[in-house]
Structure formats: C-alpha cells, structure tokens
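Here is how the chains run, residue by residue.
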Amino acid sequence: MKEILQPGPAEALASLLDVEPPDLDRDGLPLLWHWFYLLDRPAQADLGPDGHPVRGTEPGRRRMWAGGRVRTLGRLRCGLPAERHMEVLSTQEKQGRTGRLTFVVTGHKIVQGGEVVVEEEQDIVYRDAADGRADVPVEQPEVPAAEDEWAIDVSPTLLFRFSALTYNAHRIHYDRDYARDVEGYPGLLTHGPLQALAMAEAARRLGSRGRLVFDYRLIAPLFDHQGMIVRADETGTAVRDRYGRRTATGTMRSLGR
C-alpha cells in the first residue's frame, strides 16, 4: 500500500484530541500518528455483521487489539510518498476461560525515501462469540484526575470520529445497541489504539520525541461511561478509568539521535 502523506489526517487528529498540532516540517509525524495513514479500506461486501472485515478469518469470531511494539527509526514526513508492508509473523491457539483464543502477531513496516521509518508488531486476539453478558467490574468511588494526569471525555462522538479517522467500522465502538444486545457490553468500547495513542501523547508532552521504542499492553476493557485518564512519567505511561482501574500500560525508551 502506497500513498503521498498529506497533513489533513494529522490536523484532524490534533483537533480530535484537542492537542497542539505537531510541527510536521521539523519533526514529522509523532509516535503512532502513522495509524491514520496508509489505511486498509475493505469493500463493504467484505464486512461481517460486527462491521469488521471477515476475509481470512473464521465467521463469528470476535477481534480484540491486545497490544504491540513500535519503533520509530526516522521522521515520517508529509508531502512525500510512503509505503506500508504487512505480514503475519505468528499464530498461536490457546484455550481460555471463555473458550478458544487465537493469538495473531502481525508485522508492519513503513518505508519512505527507501528507508524503513517505522517498524511495528501488533498483537491481535480472536475469540469465540460472546455467550451472555460480558463481565463488568464493580465501580468504586471516583478518583479525580491529579495535576499530572490528563482526563479525556470519552463521548460517543469522540469514539465515532476516531473510528472514522482510522476507517474502522467495528460496531462495538459506535453502535450502542449492537455493543449491548449482541456482544453483551455495558457501553461502547474505547478503542485500544486510542488508549495507546493517548499514552504516547502524554509522553510527548513530557518531551519524548525522536527515535523511540514504545511497548504497550491493553489489560482490561474500557467503556465510554468510565472515562479515560492518562498519566506519563519517567517510569512509563498508563491509562485508568475514573474509578482508578488500570486498563492499559506502556513503556518507552529512546534510541538516541
């Protein structure tokens, strides 16, 4: 997949998150902002009932983003062509509490100017269809955001616009009736990539730029009514809900200049 990168998606993302737009000429795209470029755009006929592409997967299985690892090896610049290459690195079958689980690791490389600028591995889990209502954590008293935390209002419009920017039609993120009545969730599910991006942005606020390695895990589901609070410091970055329950963690290190 190849395209000339335009500033539009980056400008739209900055508006969505209400963050300072990056200096694209000086710094290129920030960490994880490549997710809004070189997108898969499957045909409508290839989408399953849940809105997710079914080609190459078993019908009826549910897809979850579990984490990943990203290395930025150079500046990914707008105004220039770039190309993305993807391959399946591994597939592993396991038996979980809720049934059969399939763990898939996909590898991605983005090439610009003849050099690999971004290397990435994504961990995806496929599970059998839900039987009944999903487990919901008991909500505790609210824990207000501290001065060094970033509180994000996870509204249906935020989730819908994020889905639109990433060309993601998975209905659990924007169709409340489907999420509740079919998958058994108590609310709209906050995207795993949105949580990872929020962690990367919290680290960018502290000055994390340049050539980086980012390793992140999604450890619990986060629903829209639970909010999203992000924190980053020298030890790592994490997402929690408004009740203090941690849903994602990340670590970051610099590769130097």
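Here, the structure is the one placed above.
What counts, and at which threshold
- Residues numbered from 1 in each chain as written.
- Predicted model: local features only at pLDDT ≥ 70, side-chain atom pairs only at ≥ 80, totals over all residues.
- Heavy atoms only, no water.
- Salt bridge = Lys/Arg side-chain N within 4 Å of Asp/Glu carboxyl O.
- Helix = DSSP H or I, 4+ residues; strand = E, 2+ residues; numbered from the N terminus.
- Buried < 20%, exposed > 50% of the residue type's maximum accessible area, 1.4 Å probe, protein only.

Overall, the coordinates contain 19 salt bridges when judged by the stated rule. The salt bridge involving R69 is made with E121; its shortest N-O contact spans 3.0 Å. One end of the pair, R69, is in strand β2 (residues 62-72); the other, E121, is in strand β5 (residues 115-127), with 52 residues separating them in the sequence. Residue D123 pairs with R69 through a salt bridge whose shortest N-O separation is 2.8 Å. Taken together, the residues D123 in strand β5 and R69 in strand β2 connect sequence positions 54 residues apart. Exposure remark for D123: the relative accessible area of 11% places this residue in the buried category. Each of the salt bridges in this network shares a partner with another, and the network as a whole consists of R69, E121, D123 and R217.

In this model, L32 sits at a positive phi of 75°, which is unusual for a non-glycine residue. Along the chain, L32 falls in the loop between α2 (24-27) and β2. What makes L32 buried here is its relative accessible area of 0%. With a phi close to 55°, Y167 is a non-glycine residue in the positive phi region. Position of Y167 among the secondary structure elements: in the loop between α3 (156-165) and α4 (176-181).

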